[in-house]
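So you can see what is in the structure, the chains are spelled out below.
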Amino acid sequence: MPQRSRPSPTPDHTPDQPCVSPLGGLRLSRRALFATTAAAIPAAAAVTLAPPAVADPTVTDGETRILDMPLADYELVDTDQGQARDLPGQPATMIGVTWPLESPAPAVHARGLTQDGEWTEWFELEIALDPETGDQAPGSELAWLGPVTALQIRATSKEGEPTAEMTAHIVTTSHTEADDLVGDYAGPYTSQSQTQEAQEAAQPQLMAAAATAAANPTTPTLAPQTPGFVTRAGWGANESWTRGTSGADQLKAVIIHHTAGTNNYAANQSAQIVRGILSYHAQTLGWADAGYNVFVDKYGQSFEGRGGGLHRNIVGAHARGFNTGSFGISVLGDYSSTAVPAAAREAVARWTGWKLLSTFNERAWSTKSWYVTTTNVRFAVGTTVNLAQVMGHRDVNFTECPGNRLYNEFDQIRGRAQYYIDNGWRVHLDAFNRGGGEAKLGTVVKSAHRAGKYWATVLTKGLVLSEGNGAATAYVSNVAKSWNASWGRPLTAPTPDRGRTIQAFEAGTAIVASSGRVTFETTVQFPDVPRGMMFHEEINELATRGITTGWPDGTYRPLAPIQRDAMVVFLYRALGSPAYTPPRRSPFSDMPSTRQHYKEVMWGYSEGIVEGWPDGTFRPTAPIERGAAAAFLYRASGRPSAGTSNSFTDVPSTHQFAREITWLASTGITTGWPDGTFRPVDPIARDAMAAFMIRWMEHRGI
């Protein structure tokens, strides 16, 4: 990514080169992490796909650049609204600012010089909230200005003109051809042909580097009548910027927000606004991911927000004290004084109705009880409050978000949401009610989604399953959260058994140990893997998932070393056997295209999981050493950040695979041997590899 020098603010002073991060900017201190509120956007009936203006020709193909610029380096000039810092010749599309922790929060405004030579209006940069303390954070939210060629930033505080202590975070986003296609995926409802793969194919430049680095599960195919949306792959989320997110066991509210800045954007600019927000949230503010669950633009187009799956109750960073159990919808733009476009209002209502219905909340006008445990919210710690299931950010935090004009539309939004609840896909809700409701089945953990041949809703105490357009059946189950489609339907209720709980399924038996660990034993056992053998459950789980089929004679051969090609096959199948066309010519001299497992090994090579030997061979039948196995698993996880210092006495920090083995231990995938060694050059046996694979899949959420 190119770095660009700042223009000299005065003739006799040239500031130092700005701090430029190739992944998106300065990471603030823990105290400075802040939750963004939202603004929203005015109406525009027609969706225009004219090529958007380019802010900076050096930032292209979906790239997002953040420059961190101390404003003290820039001249104070007189403007129509008082003095402001002048940043001439500085291209941008979005702007945010931060200031020292000890400084009082200023009132900050920014404007940009358009490519027509006209200044935009002054946009207020809303003060962000620290997600950990709820205090006003030492910085603003990010505002969209549109492509501009220069900036001016003004601020006032009770201590005078404060810009000398402020840093501007100047964001430049860029357009891709795929941004022109978002309307194909963001209509009223999805179709089953609008898959993750279809949208990912539209963003090859953006996804190539980050495809294997996703920290969170992707959203699977969702049930009929889900609102249409652009997936994270479709709008070009850089998953290498994100960290793991978590889900809640119950959805209690939908909280509505707006973002900030101008409402002047085209339909094919919305995706780059969302990319800019992700960059700022994850790279500058240090959050795990974008704060909101869904973004809606003024045209009614919708974009998947925080990763982890829209079918889950993903915990966001949008409403301090109320993130767990809420679903954050943010409208791109500012609706403090601008009317909400009908298309945006309808999209918000559609998402609200879908989320409530899919989590079995039947009334958009209902309230839910919250116990307050967090300071600096609108309610005292230790109190219990009843809040509307559909509410605004201002209802729980000290903010004006989502703006008066959007907030005043809430009754209409609730009414339309109720329409979508009453007329939506109720197949699983009806089965849930017939099966005893929340008292017997609990609350929804995963909304209806495609799992194998089933539509599946996962609850805290049960499952609802259906196939095709058929009727649904609800099942009580204490292993619902661990259920896999390969298990099939439950055949019995959970039954106590010698201190355990067991439940029969079509493909075998689920066992809950006294420790809470769930294992699944298939009805078809390998004759050489008897019950009681170490790693018996893990081996059978691999077989149940179709990751291993054993040997042609029906054995598993648990103590035999696993071959290098077989290890790649395990990973390929564990990741869903992704579509892949291998090259006609092999990069390895001992791996011709006619050889068994050629496709899987070539896939592993193309993903950077396998590298081969310096002599140009792959050695497919050679036993894989434990250190190399650690490397395969590490690379298949996107090469996450890890140190090289570990507790194994035989893995010094200088070891070839020290980083990979250290990561493997830090995740709990390996515990090593009882004598404190890892034995990195020993071949790994097939039983131990089964244990590694199951723990790795659990870590990845697969």
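Residues numbered from 1 in each chain as written. Predicted model: local features only at pLDDT ≥ 70, side-chain atom pairs only at ≥ 80, totals over all residues. Heavy atoms only, no water.

(A) Quick look at the nonpolar core. Grouped together as the largest cluster of nonpolar side chains are 53 residues, with contacts concentrated most on L542, L571, L633, M689, M693 and W696. For this core, the secondary structure elements donating two or more residues are α10 (536–544), α11 (564–574), α12 (598–606), α13 (626–636), α14 (658–666) and α15 (686–700). A total of 9 residues in this core trace back to one element, the largest contributor, which is α15. If you look at the next biggest cluster of nonpolar residues, it comprises 37 residues, including L357, L406, F410 and A417. (Core = buried A, V, L, I, M, F, W, Y, C linked by side-chain atoms within 4.5 Å. Buried < 20%, exposed > 50% of the residue type's maximum accessible area, 1.4 Å probe, protein only. Helix = DSSP H or I, 4+ residues; strand = E, 2+ residues; numbered from the N terminus.)

(B) The arrangement of the side chain of E538 in detail. Residue position: E538 is located in helix α10. A distance of 3.3 Å separates a polar atom in the side chain of E538 from a polar atom in the side chain of R517. (Polar contact = N/O pair within 3.5 Å; in protein donor to acceptor, adjacent residues only side chain to side chain.)

(C) Examining unusual backbone geometry more closely. Going from C401 to P402, the amide bond is cis rather than trans, its omega being 15°. Turning to its location among the elements, P402 is positioned in the loop between β21 (390–392) and α6 (404–407). Here R557, not a glycine, exhibits a phi torsion of approximately 60°, which is positive. Examined against the element boundaries, R557 turns out to sit in the loop between α10 and α11. R557 gets classed as partly exposed once you look at its relative accessible area, which sits at 34%.

(D) Quick peek at the packing of α11 against α12. The interhelical angle for the contact between α11 and α12, taken along N-to-C directions, is 75°, at an axis separation of 9 Å. By the angle between their axes, α11 is roughly perpendicular relative to α12. Side by side, α11 and α12 meet where D565, V568, V569, L571 and Y572 of the first sit next to K599, E600, V601, W603 and G604 of the second. Counted by class, the contact of α11 with α12 contains 6 nonpolar, 1 polar and 3 charged residues. (Axes fitted to C-alpha atoms, helices over the stretch in contact; angles between N-to-C directions. Parallel < 35°, antiparallel > 145°, perpendicular 65-115°, else oblique. Contact = heavy atoms within 4.5 Å. Nonpolar A, V, L, I, M, F, W, Y, C, P; charged D, E, K, R; others polar.)

(E) Representation of the pattern of salt bridges. A complete count under the given rule lists 21 salt bridges for this structure. In this structure, D411 engages R414 in a salt bridge whose closest nitrogen and oxygen atoms are separated by 3.2 Å. Taken as a pair, D411 and R414 lie in helix α7 (residues 410–422) at a separation of 3 residues, close to a single helical turn. Measuring nitrogen to oxygen at the nearest pair gives 3.1 Å for the salt bridge that ties D675 to R679. (Salt bridge = Lys/Arg side-chain N within 4 Å of Asp/Glu carboxyl O.)

(F) The arrangement of the sheet that holds strand β27 (residues 500–505) in detail. With antiparallel pairing, the 4 strands of this open sheet are ordered in space as β26-β27-β28-β29. Two strands in the sheet have a free side with no partner beyond their single neighbour: β26 (495–497) and β29 (518–522). Across the sheet, the axes of successive neighbouring strands diverge by a mean angle of 30°, strand direction being ignored. Bridge count between β26 and β27: 3 bridges; the pairing is antiparallel. Bridging across to β27, P496 finds its partner in T501. (Pairing = 2+ DSSP bridges.)

(G) Expanded view of the environment of A72. Among the structural elements, A72 can be located in the loop between β2 (65–70) and β3 (76–79). C-alpha of A72 to C-alpha of E165: the two residues are 93 residues apart in sequence and 6.7 Å apart in space. Once residues within four sequence positions are removed from consideration, A72 is found in contact with R85, T163 and A164.

(H) Up close: the confidence of the model for the protein chain. Per-residue confidence for the protein chain averages 85 on the pLDDT scale, and 87% of its residues sit at or above 70. Residue range residues 1–48 is modelled with pLDDT below 50. Its contacts to residues more than four positions away, or to other chains, number 187 contacts. (pLDDT = per-residue confidence, 0-100.)

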